[in-house]
Amino acid sequence: MHWPAVRGDYDVIVIGAGICGGTIARELSKYKLTSAIMERASDIPYGSSRANSSMIHGGFDDKPGTQKAMFCPVGNKMYRSLHEELDFKYRSCGSYVCAIGSEEERHLETLLGYGKSNGVDGLAIITGDALRDREPNASGEITAALWSPTAAIVNNFEASLAFVENARQNGVDLFMRTEVTGLLFSEDGSHIRGVSTNRGDFTSRVVINAAGINSDIISRMAGDDSFIIQATRGEYFIFDRSIGDMVNAFFFSCPSAKGKGVTVAHTADDNLLIGPTSTVQTDRENRNTTRPGLEEVFGMSARLVPNIPRNMAITTFSGVRANSKSGDFHIYALDRPRGFVNVAGIKSPGFTSAPAIASRVVEIVKESMPDLVKFETDPKFVPERRHIPRFADMPMEERERLAREDPQWGQIVCRCESVTEAQVVEAIRRGARTVAGVKLWVRPGTGRCQGGFCAPRVVEILARELGVSPLEITRHGDGSRVLTGRTKEPPLRGESL
Ligand SMILES: Cc1cc2nc3c(=O)[nH]c(=O)nc-3n(C[C@H](O)[C@H](O)[C@H](O)COP(=O)(O)OP(=O)(O)OC[C@H]3O[C@@H](n4cnc5c(N)ncnc54)[C@H](O)[C@@H]3O)c2cc1C
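All of these numbers come straight from a predicted model, not from anything done at the bench. (Residues numbered from 1 in each chain as written. Predicted model: local features only at pLDDT ≥ 70, side-chain atom pairs only at ≥ 80, totals over all residues.)

(A) Here's a closer look at the overall build of the protein chain. Secondary structure assignment for the protein chain yields twelve helices and 22 strands. The C-alpha atoms of the protein chain give 23 Å as radius of gyration, which agrees with the globular expectation for 497 residues (23 Å, within 12%). In terms of overall dimensions, the protein chain has C-alpha extents of about 75 × 70 × 45 Å along its principal axes. Taking all 497 residues of the protein chain together, the buried fraction comes to 51%. If you take every contact in the protein chain between residues at least 6 apart in sequence, the share linking residues at least 24 apart comes to 73%. (Helix = DSSP H or I, 4+ residues; strand = E, 2+ residues; numbered from the N terminus. Rg over C-alpha atoms; globule rule 2.2 N^0.38 Å. Buried ≥ 20, exposed ≤ 12 C-beta atoms within 10 Å, placed from the backbone. Contact = placed C-beta atoms within 7 Å.)

Now the structure itself:
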């Protein structure tokens, strides 16, 4: 990881390295600007971008005229080329919203109408039987489904990392473990002058607030309290790859006032995913899973796909949505102080919408702040970035060739996901600093044993590559050390054995 020395005077500072902060930073890096991202966590992604359904939504869920309805279909189209440019996993799978009975079928008609107004291509309502012809494990109770062929699923870790990494390749500075604690203003309070953080002050002419769950807190620092973020937790199960193909597409139950409903999905890495719940909570950081929550997920998903074998579950997790009480995104520049832009309330379909939001944010800065920053296209901008080669997906000849050239490619660290030492070393070289960070980059610990075998190896490699004691290595940053001490301390001088 490149850790720039603390310094000030950027054109633009982006708060938060989630999918919004990353896409915005990459968009800014197309211009001759000096930009930086401030991220409080030790790993990317950390907030909602880390734990979600990873779906690239078609764009029919939201009422025409809302910001969500405007950005989602555009983002969906942008991902079709972005995943190639930035080399993150993307499965074009399509989605079904499934109705059981006439009331829910009427809802499909409403969604079809929204989709047509929002410009979503290829939508069609099909019968339950037609659905079961395509997806034999679909429930016999389903009477109709809305098919959206443009929906897709991504690896959200890879996608989030890709935008930030490409922004960095194009000159954006990234400050990890840097929490924005205040804003700096001009003497008369009319302009933003930068941010205060736990690592000191950074000055800038523009500050973009993409702080997810904390975006209302940052907005209040700028004097805008027009929205409140309501943390809403969603719990999930992940199942072993061997049953990933129980479905091909992304299944949704009919949406309700609580959200888009429960999903059953075949992930970009071929696992089966079910969830999420929707529980409003006061604690913004609570990412626990609960027995009642998981029971709810299991019960709801069985209405879509019955007989999912519970004993094939490999883990559970939860993510926290940064829902605004208005239900829509909040993307605008403040009139006073000038130079401050909110990108807040980015709930689902925020992951899908992010690239389109990023383009709009840059437009907002260009249009409303020409006196603060000058946009000049940078001819040196490199749009492509390559992920760390995925050993698990390589043909045997390629594996053998790499292992001959570098023995670390022949050392398997994670047997479940076939991750080699070379991949772990490269992840560390590219910024991973914790066990969770390595997992986000190259997947050791995401398989059936959930790190039981590979975690000690990852700790060892992290310590070796970073030149620190294994006792210093953390699971996910400060306060999460993996090892507490040596089991066989050498005896103290004079002590008898
Ligand atoms: C359960 C669930 C399911 C979802 N499913 C989907 C889906 O299938 N498809 C879809 O399109 N969308 C989905 N979403 C929504 C999507 O995940 C979010 O809209 C998106 O990830 C928001 O990205 P973000 O960058 O705004 O926020 P985040 O990813 O939360 O990033 C904000 C970043 O700001 C950092 N930060 C916060 N405070 C500070 C501070 N003071 N200083 C510095 N850094 C700070 C955080 O650490 C974090 O890294 C889902 C969300 C959830 C929770």
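On we go.
(B) Geometry of the domain arrangement of the protein chain. What the domain assignment lists for the protein chain is domain 1 (1–89 + 156–226 + 325–386), domain 2 (95–149 + 230–321) and domain 3 (391–472). A class-by-class count of the residues in the side of domain 1 that touches domain 3 yields three nonpolar, one polar and two charged. (Domains from an automatic or database assignment. Nonpolar A, V, L, I, M, F, W, Y, C, P; charged D, E, K, R; others polar.)

(C) Structural context of the sheet that holds strand 8 (residues 152–154). Strand order across the open sheet formed by three strands is 3-8-4, with antiparallel pairing between neighbours. Strands at the two margins of the open sheet, each flanked by one partner only, are strand 3 (55–56) and strand 4 (90–92). Where strand 3 meets strand 8, two bridges bridge the pair, whose relative direction is antiparallel. Directly across from Ile56, in strand 8, lies its bridge partner Ala152. (Pairing = 2+ DSSP bridges.)

(D) Broad picture of the nonpolar core. Among the nonpolar cores identified, the biggest contains 141 residues, and Ile15, Ile208 and Val343 are the most heavily contacted of them. In this structure Val343 touches Cys20, Ile24, Ile208, Asn209, Ala210, Ile331, Ile357 and Val361, once residues within four positions along its chain are discounted. (Core = buried A, V, L, I, M, F, W, Y, C linked by C-beta atoms within 7 Å.)

(E) Structural detail: unusual backbone geometry. A cis geometry characterises the amide bond from Gly275 onward to Pro276, with omega recorded as 0°. Positionally, Pro276 belongs in the loop between strand 16 (272–275) and strand 17 (279–280). Across the junction of Arg336 and Pro337, the peptide omega takes the value 0°, indicating a cis bond. If you check the backbone angles, Gln450 has positive phi at about 50° while not being a glycine. Along the polypeptide, Gln450 turns up in the loop between helix 11 (435–442) and helix 12 (454–466). Of the residues examined, Gln450 has 15 C-beta atoms within 10 Å and is grouped as partly exposed.

(F) Structural context of the site of the ligand. Taken together, 41 residues are adjacent to the ligand, and Gly16, Gly18, Gly47, Gly212 and Gly350 come closest. Secondary-structure elements contributing two or more residues to the shell around the ligand are helix 1 (19–28), strand 18 (313–324) and helix 8 (350–368). For the shell around the ligand, the element with the most residues is strand 18, which contributes four residues. For the shell around the ligand, a count of residues per class yields 19 nonpolar, 17 polar and five charged. Residue-level mapping places the shell around the ligand at the junction of two domains, with at least three residues from each of domain 1 (1–89 + 156–226 + 325–386) and domain 2 (95–149 + 230–321). (Near = placed C-beta within 6 Å.)

(G) Geometry of the pairing of strand 2 (residues 35–38). Because side chains alternate across strand 2, one face comprises the buried residues Ser35 and Ile37, and the other comprises Ala36 and Met38, equally buried. With four bridges joining them, strand 1 (residues 10–15) and strand 2 adopt parallel strand pairing. Looking at the pairing, Ile13 lines up with Ala36 of strand 2. With three bridges connecting them, strand 2 and strand 9 (residues 173–175) associate as parallel partners.

(H) Up close: the packing of helix 2 (residues 67–86) against helix 8. Where helix 2 meets helix 8, the axes come as close as 6 Å, and the angle between the chain directions of the two elements is 90°. Between helix 2 and helix 8, the interaxial angle falls into the category roughly perpendicular. Contacts between helix 2 and helix 8 involve Lys68, Phe71, Cys72, Val74, Gly75, Asn76, Met78, Tyr79 and Leu82 from the first element and Thr352, Ser353, Ala354, Pro355, Ala356 and Ile357 from the second. For the contact of helix 2 with helix 8, the residue count by class is ten nonpolar, four polar and one charged. (Axes fitted to C-alpha atoms, helices over the stretch in contact; angles between N-to-C directions. Parallel < 35°, antiparallel > 145°, perpendicular 65-115°, else oblique.)

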